[in-house]
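One letter stands for each residue in the lines below.
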Amino acid sequence: MPRFLQFRDIVIAGIEAAWPDEVVSSSDLELRLQPVYERLRLPAGRLELMTGIRERRVWPVGMLPGEQSIRTGNALLERVGIAREKIGLMVHGSVCRDYLEPATAAGVHRGLGLSHDCLIYDVSNACLGLLNGVVQIASAIMAGQIEAGLVLGTEQSRPLMETTIAALNRDTSLTREQIKLAIASLTIGSGSAGLLVTHRDLAPNAPRLTSGAATAGTEYHQLCHSGRDESVANGMAPLMTTDSEQLMHAGIKLGAETFAAWCQHNQWQAGDVQKTVCHQVGLTHRKLMLQSLGLDAAHDYHTVEWLGNTGSTALPITLAEAIRANHIAAGDRVALLGIGSGINVLMLGLEFSPQ
């Protein structure tokens, strides 16, 4: 049974999304993987066919995640127009971070010019870190500790992409089956996102955070993992192994169970959720997830084909794009369907003002 969450007088006062200019297509990656493609006689176009991802983006070489998070946070705060002294908690929630110590949140706090009485820390939970930050800020607001909080994150996929390509080309003993464990690492893209969470009094017409459901399926925690944390100290050269098929099926099963229980808990009937935004992994994953949850794909918004899987920023970026594209209408109830390795599920409900 999931943990059910209820929120009172909490709104998402603003969302900001950003991604790099540099595009890396799946065809580009396959050209760089030509040695292993030729050795194993892999057909061209295989990567896009398997994932549905035609391109992803990467930040400049050497750019630290916190640098972009500062830009994203400044853009969000300036657009919404909230006074910076109102921010009582700032969470940095991406997988990527600047250093082992101090927290990336420390440099971002300084770069944003937030007050000395603003609580700051990093949250690490694979692709759910930003959503976890939203829940933590909402809880602090409901407890009367703060009026507003900011969750930010930036994912830099370049080191993982470069290390994976080099490893696959170098190891001539790899088989087709073994290479499958690296495919997920080639779907990763770069992005940045921020969400401003406040008490309803500060933004009365903003989308209202209503409820949520969370499940920890840690029996599946070994299906996707990077190297040990020493990889950060050794030049930011991570490698990951992912059993994509097992991870997909286990995640969808856990997601479907969580969603069904959440609907029952809220006494939602078919059609009570007008729009959805899923974590962006790949087109096959999206199709099977929506089918398993009994949701109409036409009501879901997606960015994975041109951004790839941008980790913890994928869902908030896609939500921001759905709003910008007028995919979400006034009065819509929107389900944010987060699933991350671990396996963890976190689903949140948003209700948009009818005005």
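Every value quoted in this text rests on a predicted model; they were computed, and no experiment measured them. (Residues numbered from 1 in each chain as written. Predicted model: local features only at pLDDT ≥ 70, side-chain atom pairs only at ≥ 80, totals over all residues. Heavy atoms only, no water.)

**Focus: the overall build of the protein**
Turning to step 1, where the next piece is worked out: In terms of regular secondary structure, the protein is built from 13 helices and 14 strands.
Turning to step 2, where the next piece is worked out: The C-alpha atoms of the protein give a radius of gyration of 20 Å, which matches the 20 Å a tight globule of 355 residues would have.
Turning to step 3, where the next piece is worked out: Taking the principal axes of its C-alpha atoms as reference, the protein extends roughly 60 × 45 × 35 Å.
Turning to step 4, where the next piece is worked out: Of the contacts formed within the protein by residues at least 6 apart in sequence, a portion of 79% connects residues at least 24 apart.
Turning to step 5, where the next piece is worked out: Roughly 15,800 Å² of accessible area belongs to the protein as shown, and the carbon and sulfur atoms make up 51% of that amount.
Turning to step 6, where the next piece is worked out: Across the protein, 28 positive and 35 negative side-chain charges occur, with their mean positions spaced 3 Å apart. (Helix = DSSP H or I, 4+ residues; strand = E, 2+ residues; numbered from the N terminus. Rg over C-alpha atoms; globule rule 2.2 N^0.38 Å. Contact = heavy atoms within 4.5 Å. Areas by Shrake-Rupley, 256 points an atom, 1.4 Å probe, with all protein chains shown as cover. Lys, Arg positive; Asp, Glu negative; His and termini not counted. Charge placed at Lys NZ, Arg CZ, Asp CG, Glu CD.)

**With respect to the nonpolar core**
Turning to step 1, where the next piece is worked out: Core analysis: the largest hydrophobic core is formed by 38 residues, its most contacted members being Phe7, Val134, Ile137, Leu209, Leu336, Leu348 and Leu350.
Turning to step 2, where the next piece is worked out: Looking at this core, the elements with two or more residues in it are β1 (3–18), β4 (87–92), α6 (129–142), β7 (191–199), α13 (314–324), β13 (333–340) and β14 (344–351).
Turning to step 3, where the next piece is worked out: Examining the composition of this core, we find that eight residues originate from one element, α6, more than from any other.
Turning to step 4, where the next piece is worked out: Setting aside anything within four residues of it in sequence, one finds Phe7 in contact with Val135, Ala138, Met142, Leu209, Thr210, Ser211, Gly212 and Leu348. (Core = buried A, V, L, I, M, F, W, Y, C linked by side-chain atoms within 4.5 Å. Buried < 20%, exposed > 50% of the residue type's maximum accessible area, 1.4 Å probe, protein only.)

**Things to note about the environment of Ala216**
Turning to step 1, where the next piece is worked out: Looking at the secondary structure, you find Ala216 in strand β8 (residues 208–216).
Turning to step 2, where the next piece is worked out: The exposure class of Ala216 is exposed, given its relative accessible area of 53%.
Turning to step 3, where the next piece is worked out: With 160 residues separating them in the primary sequence, Ala216 and Arg56 have C-alpha atoms 29 Å apart.
Turning to step 4, where the next piece is worked out: If we skip the residues at most four places from it in the chain, Ala216 touches Ile343 and Asn344.

**What to know about the sheet that holds β13**
Turning to step 1, where the next piece is worked out: The strand order across the open sheet built from ten strands is β5-β4-β6-β7-β1-β8-β14-β13-β11-β12, with neighbouring strands paired in mixed fashion. With one partner strand each, in any of the chains shown, β5 (119–122) and β12 (300–301) form the two edges of the open sheet.
Turning to step 2, where the next piece is worked out: As judged from the six bridges shared by β1 and β8, these two strands associate in the antiparallel manner. Residue Val11 lies in a different strand from β8, and its bridge partner there is Arg208.
Turning to step 3, where the next piece is worked out: Taken strand by strand, α13 contacts β1, β7, β11 (275–278), β12, β13 and β14, and its axis lies near 70° from that of β1. (Pairing = 2+ DSSP bridges. Axes fitted to C-alpha atoms, helices over the stretch in contact; angles between N-to-C directions.)

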